[in-house]
Amino acid sequence: MPRSYMASASHDGVVWACGQVPRRADGSVPDSIEDQVQVALDNLESVLTDAGSSLALLLKVTVFLADLEEFGAYDAAYCTRLAGVPLPPRTTVQVAGFRGDKRIEIDAVAAVGKT
């Protein structure tokens with residue numbers, strides 16, 4: 001039996017969301033980096049909402065990209081999706097590789113409370 005894990009942990013008004021990947025509920029992964037950003041952020045938003053937080057309460061984001069050559073397209077999609085909320089401090093790094101078709105993973109720290 002696979003070991004289960006929590007999608008987030010919270011303590012004292014802060015939630016830490018584990019890395020969210022661009023996998024849809026049906027198991028599919030979009031082809032474009034722009035669509036992968038959207039799905040990963042949708043998944044992050046869902047985890048944050050379940051923990052009593054939101055994208056508007058992000059405190060720190062770490063983004064792992066398979067290829068930094070896609071930074072421009074990823075950044076544009078990221079900024080478009082988060083338009084209207086304060087952009088949190090963000091670190092973006094390239095990783096050696098992901099399993100499967102994923103090209104991005106996003107983890108975050110957010111405040112818990114009213115948006």
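Our subject is the structure listed above.
Cut-offs used in this document
- Residues numbered from 1 in each chain as written.
- Predicted model: local features only at pLDDT ≥ 70, side-chain atom pairs only at ≥ 80, totals over all residues.
- Heavy atoms only, no water.
- Helix = DSSP H or I, 4+ residues; strand = E, 2+ residues; numbered from the N terminus.
- Contact = heavy atoms within 4.5 Å.
- Polar contact = N/O pair within 3.5 Å; in protein donor to acceptor, adjacent residues only side chain to side chain.
- Core = buried A, V, L, I, M, F, W, Y, C linked by side-chain atoms within 4.5 Å.
- Buried < 20%, exposed > 50% of the residue type's maximum accessible area, 1.4 Å probe, protein only.
- Expected span 1.5 Å × (residues − 1).
- Axes fitted to C-alpha atoms, helices over the stretch in contact; angles between N-to-C directions.
- Parallel < 35°, antiparallel > 145°, perpendicular 65-115°, else oblique.
- Left-handed = near helix turned anticlockwise from the far one by under 90°.
- Nonpolar A, V, L, I, M, F, W, Y, C, P; charged D, E, K, R; others polar.

### With respect to the environment of S53
Item 1. With respect to the secondary-structure elements, S53 resides in the loop between α1 (33–50) and β3 (58–65).
Item 2. Note: C-alpha distance between S53 and F64 (11 residues apart in sequence) is 22 Å.
Item 3. Contact partners of S53, with chain neighbours within four places excluded, come to V15, L48, A110, A111 and V112.
Item 4. Only 2.4 Å separates the side chain of S53 from the backbone oxygen of A111, close enough to count as a polar contact.

### Structural notes on the nonpolar core
Item 1. By size, the foremost hydrophobic cluster in this structure holds 22 residues, and its most contacted members are V37, L44, L48, L58, Y74, I104 and I106.
Item 2. Elements supplying a minimum of two residues to this core: β2 (14–20), α1, β3, α2 (71–81) and β5 (104–111).
Item 3. If we ignore the near neighbours within four places in the chain, the residues touching Y74 are I33, V37, V63, L65, R90, T92 and I104.

### Thoughts on α1
Item 1. Here α1 contains 18 residues, and its C-alpha end-to-end distance of 26 Å stays within 8% of the 26 Å for a straight helix at 1.5 Å per residue.
Item 2. What α1 keeps buried is the set I33, Q36, V37, V39, A40, L41, L44, V47 and L48.
Item 3. Residues of α1 that are buried make contact with β1 (8–11), β2, β3, α2 and β5.
Item 4. Phi for G52, located one or two positions after α1, is positive at around 85 degrees.

### Description of the packing of α1 against α2
Item 1. One way to put it is that α1 packs onto α2 with a least axis distance of 9 Å and a crossing angle of 40 degrees. Relative to α2, α1 is oriented oblique. Relative to α2, the crossing made by α1 is right-handed. Each of I33, E34, V37, Q38, L41, D42 and E45 in α1 lies in contact with α2, whose residues at this interface are A73, Y74, A77, Y78 and R81.
Item 2. Considered class by class, the residues forming the contact of α1 with α2 number 7 nonpolar, 1 polar and 4 charged.

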